[in-house]
Each structure stands twice: as C-alpha cells, then as structure tokens.
Amino acid sequence: MNTIQYIKSKLKTTLLAAGMLCAGLYSEAQQKVFKPGQIWPDDKGVHINAHGGGILYQNGKYYWFGEHKVAGDAGNRAMVGVHCYSSTDLYNWKDEGIALSVSDDPKNDIARGCILERPKVVYNKLTKKYVMWFHLELLGKGYAAARAGVATSDRVTGPYTFIKSYRPNAGQMPFYPPFTGQSEKVNCAAPASETDGFFCRDLPGGQMARDMTVFVDDDGKAYHVFSSEENYTLQLAQLTPDYTGHTGKFIRIYIGHQTEAPALFKHNGIYYMIGSGCTGWAPNAARWFSAKSIWGPWVYHGNPCKGADSAITYGGQSTHVLPVAGKKDAFIFMADKWTPKDAIDGRYLWLPISFKGNDIEIDWLDSWDLGVFKK
Ligand code: GAL
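The present account deals with the structure reproduced in this document.

Thresholds applied
- Residues numbered from 1 in each chain as written.
- Predicted model: local features only at pLDDT ≥ 70, side-chain atom pairs only at ≥ 80, totals over all residues.
- Heavy atoms only, no water.
- Pairing = 2+ DSSP bridges.
- Helix = DSSP H or I, 4+ residues; strand = E, 2+ residues; numbered from the N terminus.
- Near = heavy atom within 4 Å.
- Polar contact = N/O pair within 3.5 Å; in protein donor to acceptor, adjacent residues only side chain to side chain.
- Areas by Shrake-Rupley, 256 points an atom, 1.4 Å probe, with all protein chains shown as cover.
- Nonpolar A, V, L, I, M, F, W, Y, C, P; charged D, E, K, R; others polar.
- Salt bridge = Lys/Arg side-chain N within 4 Å of Asp/Glu carboxyl O.
- Buried < 20%, exposed > 50% of the residue type's maximum accessible area, 1.4 Å probe, protein only.
- Core = buried A, V, L, I, M, F, W, Y, C linked by side-chain atoms within 4.5 Å.
- Disulfide = S-S within 2.5 Å.

Taken in spatial order, the five strands of this open sheet run 17-21-20-19-18, and their pairing is mixed. Of all the strands in the sheet, just strand 17 (305-306) and strand 18 (317-323) have a single pairing partner and so form its edges. Bridging between strand 19 (residues 331-337) and strand 20 (residues 347-356) involves six bridges; their strand directions are antiparallel. When the bridges of strand 20 are listed, Lys-337 appears paired with Arg-347.

All right, on to the site of the ligand then. Residues in close proximity to the ligand include Glu-117, Arg-118, Tyr-143, Asp-211, Glu-260, Gly-280, Trp-281 and Gln-317, which together make up its full environment. The backbone of Gly-280 places a nitrogen or oxygen atom 3.2 Å from an oxygen atom of the ligand. For the ligand, whose free accessible area comes to 310 Å², the fraction covered by protein is 89%. Tallied by class, the residues present in the shell around the ligand amount to two nonpolar, two polar and four charged.

Moving on to the pattern of salt bridges. With the rule as written, the count across this model stands at 17 salt bridges. Among the ionic pairs, Lys-94 bridges to Glu-96, the shortest N-O distance being 3.7 Å. The class for Lys-94 is partly exposed, based on a relative accessible area of 41%. Residue class for Glu-96 comes out partly exposed when judged on its relative accessible area of 23%. Across the pair Arg-252 and Glu-229 runs a salt bridge, and its minimum N-O distance is 2.8 Å.

This paragraph deals with the nonpolar core. Residues Trp-64, Leu-90, Trp-93, Ile-274, Ile-332, Trp-350 and Ile-353 are the most contacted members of the largest nonpolar core, which totals 40 residues. Counting only elements with at least two residues in this core, the list comes to strand 2 (61-67), strand 13 (260-267), strand 14 (270-276), strand 18, strand 19, strand 20 and strand 21 (359-363). Grouped together as the second largest cluster of nonpolar side chains are 22 residues, Val-82, Cys-84, Ile-110 and Met-132 included.

It is worth spelling out the pairing of strand 2 at this point. Most of strand 2 sits inside the fold, with six of its seven residues counted as buried. When strand 1 (residues 51-58) meets strand 2, the two strands line up antiparallel, connected through six bridges. Following the sheet pairing, Gly-54 is matched in strand 2 by Phe-65. With antiparallel pairing between neighbouring strands as the criterion, strand 1 and strand 2 make up a hairpin whose turn holds two residues, including Asn-59 at a positive phi of roughly 50 degrees. The pairing of strand 2 with strand 3 (residues 81-87) spans six bridges and is classified as antiparallel. Along strand 3, the bridge assignment pairs Gly-66 with His-83.

Before going further, it helps to examine the state of the cysteines. A complete count under the given rule lists one disulfide for this structure. A sulfur-sulfur separation of 2.1 Å characterises the disulfide bridge that pairs Cys-188 with Cys-200. Its S-S torsion of about -85 degrees marks the bond between Cys-188 and Cys-200 as left-handed, since a negative value means left-handed. A residue pair is termed long-range when its members are at least 10 positions apart, and Cys-188 in the loop between strand 8 (161-166) and helix 2 (194-202) and Cys-200 in helix 2 qualify at 12 residues. On the basis of relative accessible area, Cys-200 is assigned to the buried category, the value being 15%. Here Cys-84 is not cross-linked by a disulfide; its sulfur's nearest cysteine counterpart is in Cys-114, at 19 Å. You can call Cys-84 buried: its relative accessible area is 0%. Looking at Cys-114, the relative accessible area reads 1%, which means it is buried.

Laid out in structure tokens, this is it:
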C-alpha cells in the first residue's frame, strides 16, 4: 500500500466509524418501538433505572418515576432514591435525575439502605403540588414496618420533600357499601379468618401497607390501593383532598387471596384493576378485577394475559397501567421483570391492553408501537 492508498483507507475507516457513531446516536435518540424485556436506553444511552414505577402525564409530557436500583448486593435497597425520566412520545426518555433522595441520617424514615418501593406521583389541583406515595420499609427491619410514605414537591421532577410514613387508617373499620353481606363484615370480637385476624390486630396502630398504587378519579378524589393484612388482602383507601393523608374511608378487596402489585385505570366509566399473586421477585399469573363504583363490588376475572408464558405474566409483575394521552381505548400495561441478583438489570415489559367488550386481554409482542391503538 502506498502513502496515498494508506491515507485513503484510513480516511475511509474514520468516516465509517464516524458514520456508525452518528447512526448509533441517531437510533438512540429516535427509538420508535417498544421492545418488552430488552435493554431500554435513556437519552444518555443508559438503561432506564425506574423500577416498580408509575407515570404521570402533565402539560404534554409523561413523567416516569421508579425505584433507582444499584449494582451488587444492595441492589434492591434504596441507596439513592426515586428516579425520574420525562418523554413526549413514550419511546424516548430523558433522564431528569433523582426526584426523591434518601437521607444520610440513619434515624430518618427514608434512611439510605431502607426499602422504598413502587413510588407513584399524582398532581393535586387544589394545592398545586405533586404528591408521591411509596411503600416504605425502615432501615434494617426487613419487610416488617409495612408503611406508606408520602413526599411532595412544587415541581414535577422534584426535588420532593419527605413528609411522613405510617400505617393507614388506625382505629377505622372498613366502609361497607349497601351490597355487603353480613359474612363479609369483619368481626374483631371473633375474627372469622386469618386475614380478619391480621386486620383486627392492626386496627389500633394502622393497617399494613406494602405493594401499592395511587389512582385519581375524574372528580379529583384520590385513592391509595395497597397490599395489607400480611399481604392477604388489598385495601382501597380514600386520600384527603390534599392527597397527603387518609380520610379513614376504605374497603377490603378479594379478602384472603394475596393480591400484590395493583394498577388501576378507568375506561368507559368502569374501574379496572390488574394485580399479581404473592411470590416475591418470582413471577406468577396476573389477575384482573372490574367495578362499576370505586367502592365495589370489585369482581374478580382471572388472568388477563394470553398465550405462551401467560401463567407467569411473561416473566413480569404489574406496576402501572398508563392511559395514552389523546387516544381512545389506549392503555399500556406496565410490568417489571425483576432480576433480584442484579436488580439494576431489571427489564420493563410494556404491552397494549385490548378491550373485548368490557373484558380486557393482554398478549405478548416482541416489538410494537402506538399504531396498535386504532383511534
Ligand atoms: C414482590 C413485590 C415487590 C417487592 C418484592 C420483594 O412481591 O411486588 O415490590 O416487594 O416482592 O420480595
């Protein structure tokens, strides 16, 4: 090879490399499909770190909040806080940093190393504040505390200020809608089941609150839904008008059947809830419910997932159902595929929900885009 040929070949390789780099950056900046279970790079090319998350749509943008996991043994403990990302198209996400940071004070409720799971953010029109609820377990106490934690911010991306954590509805008996049968009412003088016993045990100090979500209804009222009573029973509890406390009005759902990972949405006036069973980080079959009133009756309908691996929710566990802005009948089922040995590598399974009349169905897709929603 002479000098000219050498320079030409060098130039060619350099141009090729530059081209590939641009293409790489371009494809990173221009994701146009969802690839459930694959690495999902943010605007910096880093796999999104927002597990057990939820999404708030506000002023034309989606904000995704989730657990920031770390590499190594501490992976599933809160070493950093709640991570926030924003997007206008749902495919491409900008890293907005840490919205709620854990505290350096080991005595603080949200001390670094605690367990802080399933954060959900809602906007309160009355106070103009963003309110974040999460499941909190105090440092060094395993999963014994079973508390709900709340933080607020004036800005959607934060920083959020931690307010308090506690077990909800101390001293309060459930609200019984008129259809409630006598046998469904809890009798703390003689609890009829193990889960009733847990309810009564916790009556004075407040109900256990683990896996959770928050749902805001069309009338602006908000509800906190959480696994309670040693995870045997879900409770759906009304939040105060400012969304930072509980009013004391709540119901118990699917008593004794261990529902976790609740996600609520409303479609054509019907309330829907998707949840999971209770097998820790290992996947199990999803389950769905519907109700004509938020106070029930919540009707159990079995597994919404179809096809291969539907019995294990395709390896995932529900975390949120996202209504797609500006589209009718367009809801995305969001699940986490946990990887407890390397929590930071956990994957996101987003799949479209299909409506068959008032029933719902979820099918696996390797890759899809918002074009699947007709309108
Ligand atoms: C799951 C729950 C997760 C996490 C995990 C811990 O059942 O949904 O949020 O708490 O258990 O084992």
